[in-house]
Structures are given as structure tokens and as C-alpha cells.
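# Commentary on secondary and tertiary structure
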Amino acid sequence: MSRDEERRLALRAELVETIGTHKEGFASGTPESKRINEVIDELAALTPYPRALDHVDVYGGHWAGEYYNFGRLVGGDGTTDQGTGVTATLKAFSMGRMPDVPATHAGSALEIDPQNGIYNFYGRLLVGEAQIDSHHFTYGRFERKDEHPDRFNVLFDKFEIAPVDPTMSVEAYCKATGIDSPSDLVAELSPSPKLYSDIAYMDDHMRIQLGQLGGHYIMFRKDAPLYSVEHAKGNAINPPAFPAT
């Protein structure tokens, strides 16, 4: 094993151990978050897959988020530089497009179908004062440009929220969450916002992604369906509670 590979594995192990116990977010200013930033910078130079978007068989699939910095979300305050469990609003978690009701982030995953250019997020939010467990879908599409082989150029097209409980009607869900109408559970985006996200580091099981608006995400590959894609097809989904295991 080369010296670089030994260093990469040591840094990776340190990162996994640290994010397992510290969830404050990248820019919280704690010694642990500062060290996480340092480790990420070192790992980026040692990534096994430079030109990440050339490796379709690696980056596709369901990648569950483990550590977050949400960055500057359009349409709401209170989420910048915070990790899992942050409470803001559904509006903040949907670029300002969905109702302004309380929402707590419980977890999210990036779901990519390279063959069809799909770039979706499947998330779980606890919505409303009653904290109703909810599916949160962000639908997007991406393209690769040769000048940035580590970058997803993404257009986001739609947000959708739905109760996790399949027996709950949309009317009951709206009443429980404080959302005015079932029509407010879907928000089409026109024109579609254009953003980019870079893969700073990727191996076969862990990925670090840096978003245009300051969002940073450490994700792990899971043997799981693309829940957002299945839901969009009208198929029933039954994801585990977040964080996924």
C-alpha cells in the first residue's frame, strides 16, 4: 500500500469517527467542525476517483446524508451552517416555494439516475407544530460539462411533501400540519433554478459534495431504492426511519 493510500484511509477513518458524534454543521466553529474541514481538504487531494462524473457506475444510486451544512437556502432563515435536526420552515427547505410552516430536518439522501439524468433528493421532515413525519421530494435533472468533470449542473423542477403514514389522507395531513390546501403539497418551479454541486471526494462508499450555495454534505452509499423516482412513478415506497441504516 502506498503512503498516499495509507494517509487516505487514516483520514477517512478519522472523518467517519468524528461525524458519528458531532452533528453541529461545518461552519459551527467548534474544534471538531474545524478539524472536519481540514480533513476534507486533505481527502480531496487523495480522492480515488478524480474527474468524478466520468465514473457513472460509482456516483449513481442512493447516497444517504450523514453530515450537513445547509448553506444559504433561498426563502428562509435559520438553517445556515447547521446539521441534522435543525428546525426551520418547509418554505426554507423548498427554496421559498412551499408553505411557511415549521419543519425539522430528520435526514436526506441524494438519489441519482445517471442514465436518465435524474438528480433528486429524498428527505424526511417533521412538519407542522405536530411534527408529522413526512416525505420531502426534490425533483431535478443534471448535465455534465467537460470543463468541470467533478460538477453536477442541476436544474430543479419541483418540490413535493407527503405524509409517511400511508393511511393518512391529504386532507387530514393538511389539517395536522397547518397547510391550507392539498394543492400546496406540490410546488412546480418555473423557470427551474440552475445550481451546481461539486464532488470533492468520492470512493466506493463515501462521498463529499460541495454545493454552490455553501451547502456541504458527507454521504454514504446505501443499498436502497431511488425512493423519489419510485414515488414519481406512482409506486408505493416504504423507506426506513432516518438516519437510514
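Computed from a prediction, not measured in an experiment: that's the story for all the values here. (Residues numbered from 1 in each chain as written. Predicted model: local features only at pLDDT ≥ 70, side-chain atom pairs only at ≥ 80, totals over all residues. Heavy atoms only, no water.)

### Concerning the overall build of the chain
Just so we agree on the cut-off: Helical segments are the DSSP runs of H or I of at least four residues, strand segments are the runs of E of at least two, and each set is numbered from the N terminus. Radius of gyration: over C-alpha atoms. The globule rule applied is 2.2 Å multiplied by the number of residues raised to the 0.38 power. Exposure categories follow from relative accessible area, calculated using a 1.4 Å probe and restricted to protein chains: below 20% of the type maximum is buried, above 50% is exposed, and the middle band is partly exposed. Should any heavy atoms of two residues lie within 4.5 Å, those residues are counted as being in contact. For the area figures, the Shrake-Rupley method with a 1.4 Å probe applies, and any residue is considered shielded solely by the protein chains shown. Charge convention: Lys and Arg are scored as positive, Asp and Glu as negative, and His as well as the terminal groups of each chain are ignored. Positions of charges follow a simple convention, taking NZ of Lys, CZ of Arg, CG of Asp or CD of Glu.
Scanning the chain from terminus to terminus reveals five helices and 10 strands. Against the 2.2 N^0.38 benchmark of 18 Å for 245 residues, the chain shows a C-alpha radius of gyration of 18 Å, consistent with a compact globule. Projected onto its principal axes, the C-alpha coordinates of the chain cover approximately 60 × 40 × 30 Å. Per-residue burial over the chain gives 48% buried out of 245 residues. Across the chain, contacts joining residues at least 24 apart in sequence account for 60% of those joining residues at least 6 apart. Summing over all exposed atoms, the chain offers an accessible surface of approximately 11600 Å²; the carbon and sulfur share of this is 50%. The chain carries 23 positive and 36 negative side-chain charges, and their two centres are separated by 3 Å.

### Observations regarding the confidence of the model for the chain
Applicable threshold: Known as pLDDT, the predictor's confidence for each residue is given on a scale from 0 to 100.
The pLDDT averaged across the chain works out to 90; a share of 91% of its residues lies at or above 70. In the predicted structure, residues 72-77 sits below a pLDDT of 50 and forms 17 contacts with residues beyond four places in sequence or in another chain.

### As for unusual backbone geometry
The step from S190 to P191 runs through a cis peptide bond, and the omega angle for that step is 0 degrees. Within the secondary structure, P191 sits in the loop between strand 7 (186-188) and strand 8 (194-202).

### Things to note about the environment of S192
Just so we agree on the cut-off: Two N or O atoms count as a polar contact when they lie within 3.5 Å, although within protein this holds only if one can serve as hydrogen donor and the other as acceptor, and sequence-adjacent residues are included solely when both atoms are side-chain atoms.
Considering the arrangement of structural elements, one finds S192 in the loop between strand 7 and strand 8. What makes S192 buried here is its relative accessible area of 17%. Separated by 34 residues in sequence, S192 and K158 place their C-alpha atoms 8.3 Å apart. Excluding its chain neighbours within four sequence positions, the residues that come into contact with S192 are R141, L155, F156 and D157. Within polar-contact distance, the side chain of S192 engages the backbone oxygen of F156 at 3.3 Å. Side chain to side chain, S192 and D157 meet in a polar contact 2.5 Å long.

### Let's talk about the nonpolar core
For clarity, the threshold we go by: The nonpolar core is taken to be a set of buried Ala, Val, Leu, Ile, Met, Phe, Trp, Tyr and Cys residues, with the residues joined through side-chain atoms within 4.5 Å.
Y59, L90, Y119, F152 and I161 are the most contacted members of the largest nonpolar core, which totals 37 residues. Those elements that place two or more of their residues in this core are helix 3 (56-59), strand 3 (102-113), strand 4 (118-127), strand 5 (132-145), strand 6 (148-163), helix 4 (170-177) and strand 8. Element by element, the count of residues in this core is highest for strand 6, at five residues. Non-local contacts of I161, meaning those with residues more than four positions away in its chain, are made with L90, M98, L125, V127, S134, H135, H136, Y173 and L185.

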